[in-house]
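Each chain is listed here by its residues.
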Amino acid sequence: HQLMIALLAKEGIDPNSVKFANVGNNQDVFRAVVAGVVDAGPSTIDVYNRQAEFGVHSLTDGEFWVELPEYTQQGSFVSQRAINTKRDQIVRLLAAYAKLYRYLHTPESKQDFITARAKTLGGKADESDSIFQWEWIQKYKPFSVNLELPEERIRYLEDINISVGAQKQRLPIDKIADMSLARDAIKLLTK
C-alpha cells in the first residue's frame with residue numbers, strides 16, 4: 001500500500017481519489033487483476049515478461065524500480081538484543097549477502113541463478129522466466145552491494161509511513177538503523 005501511495009504521490013494523484021482493495025499478497029493481486037476483480041495492482045517481476053499471456057499490461061510510469069529509485073524495496077531487520085548478543089554472526093551473514101549481491105550483478109552468475117531458481121522452485125521454474133529475471137537483475141542492479149541504506153532513503157520511507165499513519169513522527173536515525181554492521185561486513189570482504 002505504501003509503495004502505491006508513493007507512486008501516486010510522484011504522479012500527482014490524490015490517493016483519496018483511488019478506491020483501494022486488499023486482495024492479498026502480490027500473487028493474489030496479480031490474479032485479481034487478471035480476473036478483473038480489481039483494475040490495477042502491483043506485482044513482482046516474475047510475471048513481467050508474461051503480460052500478454054495473461055492479458056494484462058504494465059501501466060505507463062508504473063515500473064516502481066524506475067519511477068521510485070529512492071524507495072527501498074527490501075531491507076534486513078534484526079533486534080537490538082540479537083545485535084548485542086550475536087553481532088559477529090550477523091556481520092558474517094551480511095558479508096555473505098554482500099558477496100551474493102555482488103556476484104548476482106555479474107554476467108558470470110547467469111547459470112548459477114538459473115540452476116538455483118530451478119532447485120528452489122522444485123522444477124516449476126520456466127528457464128525463460130529465470131533468464132528474464134537474471135537479465136532484469138543485470139539491467140537494474142537492484143541489490144545494495146555495499147549493504148548501506150543512506151539516511152535520506154530512511155527519511156523518505158519515514159515520510160511515507162507518516163503520510164499513511166503507520167508512524168507518528170520521524171525518529172532519531174540511530175534508533176532506526178545501525179550501518180556499522182554493514183560497514184564491518186564489507187571489511188570482511190576486503191581481507
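Residues numbered from 1 in each chain as written. Predicted model: local features only at pLDDT ≥ 70, side-chain atom pairs only at ≥ 80, totals over all residues. Heavy atoms only, no water.

1. Brief notes about helix 7 (residues 127-140)
Then, in step 1: An ideal rise of 1.5 Å per residue puts 20 Å on 14 residues; helix 7 measures up with 20 Å between its terminal C-alpha atoms.
Then, in step 2: Asp-129, Ser-130, Phe-132, Gln-133, Trp-134, Trp-136, Ile-137 and Gln-138 are the residues of helix 7 that are buried.
Then, in step 3: Contacts from the buried residues of helix 7 go to helix 4 (64-67), helix 5 (80-104) and helix 6 (110-120).
Then, in step 4: Phi turns positive, to about 45°, at Lys-141, one or two residues after helix 7. (Helix = DSSP H or I, 4+ residues; strand = E, 2+ residues; numbered from the N terminus. Expected span 1.5 Å × (residues − 1). Buried < 20%, exposed > 50% of the residue type's maximum accessible area, 1.4 Å probe, protein only. Contact = heavy atoms within 4.5 Å.)

2. Observations regarding the side chain of Gln-138
Then, in step 1: Tracing the chain through its elements places Gln-138 in helix 7.
Then, in step 2: Given a relative accessible area of 15%, Gln-138 falls into the buried group.
Then, in step 3: At 2.6 Å, the side chain of Gln-138 forms a polar contact with the backbone oxygen of Leu-104.
Then, in step 4: Among all residues touching Gln-138, those that are not within four sequence positions of it are Leu-104, His-105, Thr-106, Pro-107 and Ser-109. (Polar contact = N/O pair within 3.5 Å; in protein donor to acceptor, adjacent residues only side chain to side chain.)

3. Some details on helix 8 (residues 151-163)
Then, in step 1: In this model, helix 8 (13 residues) spans 18 Å end to end at C-alpha, consistent with the 18 Å of a helix rising 1.5 Å per residue.
Then, in step 2: Along helix 8, the residues that are buried comprise Ile-154, Arg-155, Glu-158 and Ile-160.
Then, in step 3: Summarising the contacts, the buried residues of helix 8 are in contact with helix 1 (2-10) and helix 9 (173-176).
Then, in step 4: Looking at the residues trailing helix 8, positive phi occurs at Gly-165, about 85°.

4. Here we look at the environment of Arg-50
Then, in step 1: As for its position among the elements, Arg-50 is in the loop between helix 2 (26-35) and helix 3 (51-54).
Then, in step 2: As a C-alpha pair, Arg-50 and Gly-24 span 26 residues in sequence and 21 Å in three-dimensional space.

5. So, the pattern of salt bridges
Then, in step 1: In total, this model carries twelve salt bridges according to the counting rule given.
Then, in step 2: A salt bridge links Asp-129 to Arg-50; the nearest nitrogen and oxygen atoms lie 3.2 Å apart. Placement of Asp-129 in helix 7 and of Arg-50 in the loop between helix 2 and helix 3 is noted, with a sequence separation of 79 residues between them.
Then, in step 3: With a relative accessible area of 7%, Asp-129 lands in the buried category.
Then, in step 4: For Arg-183, the salt bridge is made with Glu-148, and the minimal N-O distance between the two is 3.6 Å. Here Arg-183, found in helix 10 (residues 180-189), pairs with Glu-148, found in the loop between helix 7 and helix 8; they are 35 residues apart in sequence, far enough to count as distant. (Salt bridge = Lys/Arg side-chain N within 4 Å of Asp/Glu carboxyl O.)

6. A few points about the packing of aromatic side chains
Then, in step 1: What the rule picks out here adds up to nine aromatic pairs.
Then, in step 2: The interplanar angle of 85° and the centroid separation of 5.1 Å between the aromatic rings of Phe-30 and Phe-54 together place this pair among those described as edge-to-face. Here Phe-54 lies in helix 3 and Phe-30 lies in helix 2, a separation of 24 residues in the sequence.
Then, in step 3: A relative accessible area of 30% places Phe-54 in the partly exposed class.
Then, in step 4: For the ring pair Trp-65 and Tyr-140, a centre distance of 5.9 Å and an interplane angle of 65° mean the geometry is edge-to-face. With Trp-65 in helix 4 and Tyr-140 in helix 7, this residue pair connects regions lying 75 residues apart in the sequence.
Then, in step 5: Residue Trp-65 is classed as partly exposed on the basis of its relative accessible area, which comes to 23%.
Then, in step 6: Three or more aromatic residues link up through ring pairs in this structure, and these residues are Tyr-48, Trp-65, Phe-132, Trp-136 and Tyr-140. (Phe/Tyr/Trp six-rings, centres within 6.5 Å; stacked < 30°, edge-to-face > 60°.)

7. Here's the deal with the packing of helix 6 against helix 7
When two helices pack together, you describe them by how their axes are tilted relative to each other and by the distance separating the axes.
Then, in step 1: At a minimum axis distance of 9 Å, the contact between helix 6 and helix 7 shows a crossing angle of 130°. On the basis of the axis angle, helix 6 is oblique to helix 7. In this structure, helix 6 crosses over helix 7, and the sense of that crossing is right-handed. For the pair helix 6 and helix 7, the contacting residues are Lys-110, Phe-113, Ile-114 and Arg-117 in the first and Glu-127, Asp-129, Ser-130, Ile-131, Gln-133, Trp-134 and Ile-137 in the second.
Then, in step 2: The residue inventory of the contact of helix 6 with helix 7, partitioned by class, reads five nonpolar, two polar and four charged. (Axes fitted to C-alpha atoms, helices over the stretch in contact; angles between N-to-C directions. Parallel < 35°, antiparallel > 145°, perpendicular 65-115°, else oblique. Left-handed = near helix turned anticlockwise from the far one by under 90°. Nonpolar A, V, L, I, M, F, W, Y, C, P; charged D, E, K, R; others polar.)

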